[in-house]
Amino acid sequence: MSAMRRLLAITRLTLHETVRRRVLLAALLGGAAFLALFGFGLHAIAADAERNASRVGQVERRMVLTMFTLAGLYAVNFLMVMAAVLLPLDTLSGEISSGVMQTVAARPVRRAEILLGKWLGHWLTVAGYLALMAGGVLALARWLGPVTLPAVHLGLPLMLLEATVLVSLVLALGTRFGTVTIGVVAFGLYGLAFIGNWTEQIGAMVGNDTARRLGTAASLLVPTEAMWQLAAYHMQPPLMRELQMSPFSPASVPNAAMVAWAAGYALAAVLLGVASFRKRPL
Amino acid sequence: MTAPVIAVHGLRKRFGPTTAVADLSLTVGPGEVFGFLGPNGAGKTTALKMLLGLLGPTAGGGTVLGAPLGDRRARARIGFLPEHFRFPDWLSGRELLRFHGRLLGLPRRRLEARLDELLARVDLWDAADRKLREYSKGMLQRIGLAQALAGDPELVFLDEPTSGLDPIGRRLVRDIIRERRAAGTAVFLNSHLLGEVEVTCDRVVFLKQGRAVRELSLAAAPPSLRVELRLGAADAETLAGLARLGSGFTHRDGLASLEVADEEALPGIARWLVGRGVPLYELRAARKPLEAWFVEVMGDDQRPG
């Protein structure tokens, strides 16, 4: 019980920090600007389709608006990835190098409680950010389109899983490496997964098995972009998927095993991080 | 004999090819103010981190507050102020102490009362709700001290607590150390400010290149007094008699000096000189300063660290 209390004291300090250092404010202002632009664009497209209702069919109109909404979520996905890497980037390495960690670790607190408390704080922040931004995009789409995406209840948790992998990875790296190194490694791995996924998609499209396998290997190494692909797959109408009408219609759909892999990946990263932090000289 | 608060044997720490602490064994009793002295780079901070469990020793071990080094439960009874400490500077002084109180598991109501007590004790009552980034160096040192005392510890580690403080701040630290000793807290003081150590510590250990090379008790009677005398004309017989009253007698240009066991010897010296009709202009006695010990123990081969 008291272990949980100590863990939550760390979590609370982490959340406090995002508020106090105006990270949250900056994210909210940036998010508001993004949503305003998205809403404005959506409104313009919807109005245009309305005016040309004679030439543009209902199905076509809905496809365009759905694609635009997916594009909005894709941008949210990028912003979320940035937040998931940048927010926890400095939290361990910075406090270790500045010496803040010494007074904390000298308290009757387990190293695991420190790491998990920080993990929870950053995870909550990123989850809240995703909920706000994706919620904003979906609400604007419904209001101004009006268009609703199917299976959002599957898509958003998959996006959150993507962020969870990154938060866990960054914290695990933070037990051993300096801030800049972690940033380079985390974004590098994300880029690898990104290009790997495109390799897989194009490989599937043209029927090149080598490219396809290469992409799957990259997704196993960092299962982030695969989660977005699967999320996008679920959040579009079946017709759009089958016709592969948009860049968000994957030619090669990640399967359930990849989801389990991503979840296990995040868990393993946290456990390895705890093991590494316990032995970390301070 | 009561159980020691620190009892370690053969502690050793290597970082790659360098040995920071070579072979350290020491015992600190409850309520003792213990000074750890040595030049920069002697291994003081490394030793202290091993006692706190922040660093694992390469070899050796022992107990702190009866528990193995780094034991989590024992840390609840330990306070620590690192040398180059840093705190999240976006917190206020009160918020910092509250965070540490929570990590200590203090119940909510007791915690708030304890915060007021601590803030008042280090004289930061009026600055409690200002951000740490607005604090001066001295204020930071004081909030750091309050942080170290937050859990009402049985053992406090202070790593160079007075460096960077003005004389008033130094006196506050000294007073707090005395208070804690009176309350039965053992204090482990790392310092190279010899004057500070001299007035606060019961016992000191000199550390040189990772080894404890000498131990000195300051609380017990001083080992010797150095007496200096300014005399008028004195004959050889008087000087020879004076030399017999102590040891290490020297005399030059009317200035004589010798070492005696304690203060009781001083009136005898004055009486002897006055009785022989020798004018006595000045008589001074001083304990051998710690600095003299330091130089003697460390040797002349020490370069400024």
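Data block above holds the structure.
The following refers to the structure shown.

Scoring rules and cut-offs
Residues numbered from 1 in each chain as written. Chains lettered and ligands numbered in written order. Predicted model: local features only at pLDDT ≥ 70, side-chain atom pairs only at ≥ 80, totals over all residues. Heavy atoms only, no water. Contact = heavy atoms within 4.5 Å. Buried area = accessible area lost by both parts, 1.4 Å probe. Salt bridge = Lys/Arg side-chain N within 4 Å of Asp/Glu carboxyl O. Polar contact = N/O pair within 3.5 Å; in protein donor to acceptor, adjacent residues only side chain to side chain. Helix = DSSP H or I, 4+ residues; strand = E, 2+ residues; numbered from the N terminus. Buried < 20%, exposed > 50% of the residue type's maximum accessible area, 1.4 Å probe, protein only. Pairing = 2+ DSSP bridges. Right-handed = clockwise from strand over helix to strand, strands pointing away.

Focus: the interface of chain B and chain A
Here's step 1: Between chain B and chain A, the contact holds 30 residues from the first and 26 residues from the second.
Here's step 2: Each partner contributes to the roughly 2800 Å² buried at the junction of chain B and chain A, and carbon and sulfur atoms together form 59% of this total.
Here's step 3: At the junction of chain B and chain A, the tally comes to one salt bridge.
Here's step 4: Between Arg20(A) and Glu95(B) there is a salt bridge, with the nearest N and O atoms lying 3.0 Å from each other.
Here's step 5: Applying the counting rule to chain B against chain A returns 11 residue pairs in polar contact (both at pLDDT 80 or more).
Here's step 6: In terms of residues, the side of chain B that touches chain A owes the most to one element, helix α2 (residues 93-103) of chain B, which gives five residues.

Remarks on the pairing of strand β8 (residues 186-191) of chain B
Residues and elements named next belong to chain B.
Here's step 1: Of all six residues in β8, six are buried, a share of seventy percent or more.
Here's step 2: Of the two faces of β8, the one carrying Ala186, Phe188 and Asn190 and the one carrying Val187, Leu189 and Ser191 are both buried.
Here's step 3: Bridge count for strand β3 (residues 33-37) against β8 is five bridges, and the pairing is parallel. For Gly35, the partnering residue across the bridge sits in β8 and is Leu189.
Here's step 4: By the bridge criterion, five bridges tie strand β7 (residues 155-159) to β8 in an arrangement that is parallel. Within β8, the position partnered with Leu158 by the bridge is Leu189.
Here's step 5: Once you follow β7 into helix α5 (residues 167-182) and on to β8, the crossover reads as right-handed.

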